[in-house]
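A structural walkthrough
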Amino acid sequence: MRSRFLKLYEIKDPYDFGKLVEILPERHIKFMKFNERKLVERLRGMGFSPRKTWEILEDVRLLEGDVWATLNYLRQELGMKNTQRFLDRLDTNGALIDALKQWTAMWLVAPKKLGKK
Amino acid sequence: MLAAKAALNRLRGQVGIQLAVTRDSVPGVVVKLDRMQGYCRSNPTTALQGIPGLKSGRSHRIERPSDGRFQAYGRVHWFENRTSGMKLLLESVFEVLPDFRMTLVELAFDFAPAEMNRKFVREHALFGKSRPVPSVNETDYWGTRRGSKRVQAYSKEIERVSSRAGDAVEIS
């Protein structure tokens, strides 16, 4: 995390590390799985024919489950917005949040400035 | 100083607990602070010398490595506690450093190999708006060098009770 990132989230010193529990998971790091069924439902809702839907699914399968590439394809080629709706959360996210909480607990959150009361 | 010592002891205690968890149960993921970089607008030496019990030690420039290796620091200045022999008290230092600001924080997420590998990260991980960029030397990257955030995923050997391989995701 570089200076711009730290400034944006007001992480000025190690006492602010506690904020990372709220900032990093979901927004900056998450593990998801693409759900084809949700995509098919959406494509039907958009009025795509079964043949076109099948072609899109074949293209998606060529990307071999790569979540970022799949979402990029749907945004760029099909002009879809909010592609995150086709994703399912993985349990890894929970383990990640727990580990981050454990780490931030090691840092003090309420600094007492020397010389100030 | 007593308060700072107590805080340090408390911190040491918590670190010990975390290490114990790591060795005994090998959790799915462990977070570590890999690197932290900051700056002060003014020379912090006077502020550090103002901490009771902390005495100024040796100070010298570091010569640039002749073989062209990266030079992390240009100068070092040791401070030592008169009674405990402690070299640096991090918590006290941050409180007295004038206008201290962090400029870089590197966090490492060490995953157990049973749960994670580079393929899994490539397939399932999303890092906000950061895009994947070409891999270099068996390390996958997301985000540019100049961006506000950069992620790298790689396999690494983790030395624990039994040596084993693991995968790490690092955010810098």
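Residues numbered from 1 in each chain as written. Chains lettered and ligands numbered in written order. Predicted model: local features only at pLDDT ≥ 70, side-chain atom pairs only at ≥ 80, totals over all residues.

Topic: the overall build of chain B
The number of helices and strands found in chain B is four helices and nine strands. Along chain B, helices (α) and strands (β) appear in the sequence α-β-α-β-β-α-β-α-β-β-β-β-β when read from the amino end. Split into buried and exposed, the 172 residues of chain B put 20% on the buried side. Across chain B, every contact between residues at least 6 apart in sequence was considered, and the portion connecting residues at least 24 apart equals 57%. (Helix = DSSP H or I, 4+ residues; strand = E, 2+ residues; numbered from the N terminus. Buried ≥ 20, exposed ≤ 12 C-beta atoms within 10 Å, placed from the backbone. Contact = placed C-beta atoms within 7 Å.)

Examining the sheet that holds strand β2 (residues 87–89) of chain A
What the three strands build is an open sheet, ordered β2(A)-β1(A)-β5(B); its pairing is antiparallel. Bordering the open sheet on either side are β2 of chain A together with β5 (125–126) of chain B, each of which pairs with just one other strand. Of the strand pairs in this sheet, strand β1 (residues 30–34) of chain A and β5(B) are connected by two bridges, and their pairing is antiparallel. Looking at the pairing, A:F31 lines up with B:A125 of β5(B). (Pairing = 2+ DSSP bridges.)

Description of the packing of helix α3 (residues 36–45) of chain A against helix α4 (residues 50–62) of chain A
Residues and elements named next belong to chain A. Running from N to C, α3 and α4 point in directions that differ by 150 degrees, and their axes come no closer than 10 Å. Between α3 and α4 lies a crossing whose hand is right-handed. Contacts from E36, L39, V40, L43 and R44 in α3 reach T53, I56, L57 and V60 in α4. Among the residues forming the contact of α3 with α4, the class breakdown is six nonpolar, one polar and two charged. (Axes fitted to C-alpha atoms, helices over the stretch in contact; angles between N-to-C directions. Left-handed = near helix turned anticlockwise from the far one by under 90°. Nonpolar A, V, L, I, M, F, W, Y, C, P; charged D, E, K, R; others polar.)

Topic: unusual backbone geometry
Residue and element names in this part refer to chain B. Of note, N137 is a non-glycine position whose phi angle comes to about 50 degrees, a positive value. Within the secondary structure layout, N137 lies in the loop between β6 (132–136) and β7 (139–142). Although it is not a glycine, E138 sits at a positive phi angle of roughly 60 degrees. Positionally, E138 belongs in the loop between β6 and β7.

Side note on the environment of A:Y15
Residues and elements named next belong to chain A. One can find Y15 in the loop between α1 (3–8) and α2 (20–23). Y15 sits in the partly exposed class, given 16 other C-beta atoms within 10 Å. Along the primary structure Y15 and T104 are separated by 89 residues, whereas in three dimensions their C-alpha atoms are 9.2 Å apart.

Overview of the environment of A:L24
Residues and elements named next belong to chain A. The topology assignment puts L24 in the loop between α2 and β1. Placed 73 residues apart in sequence, L24 and I97 show a C-alpha to C-alpha distance of 8.8 Å. Not counting residues up to four positions away in its chain, the partners in contact with L24 are I29 and L100.

Comments concerning α4(A)
Its 13 residues place the ends of α4(A) 19 Å apart at the C-alpha level, agreeing with the 18 Å of an ideal helix rising 1.5 Å per residue. The element α4(A) is largely exposed, with a buried count of zero among its 13 residues. (Expected span 1.5 Å × (residues − 1).)

Regarding the pairing of β1(A)
Residues and elements named next belong to chain A. The element β1 is largely enclosed, with a buried count of four among its five residues. When β1 meets β2, the two strands line up antiparallel, connected through three bridges. By the bridge assignment for β2, K33 is matched with D88.

Examining the confidence of the model for chain B
Residue and element names in this part refer to chain B. Across chain B, the average pLDDT comes to 71, with 65% of residues at 70 or higher. Within chain B, β5 carries the highest mean pLDDT (92), whereas helix α1 (residues 2–25) carries the lowest (39). pLDDT under 50 marks residues 11–26. Its contacts with residues more than four places away, or in other chains, come to twelve contacts. Residue range residues 160–164 is modelled with pLDDT below 50. Its contacts to residues more than four positions away, or to other chains, number five contacts. Scored as a complex, the prediction yields pTM 0.69 and ipTM 0.84. (pLDDT = per-residue confidence, 0-100.)

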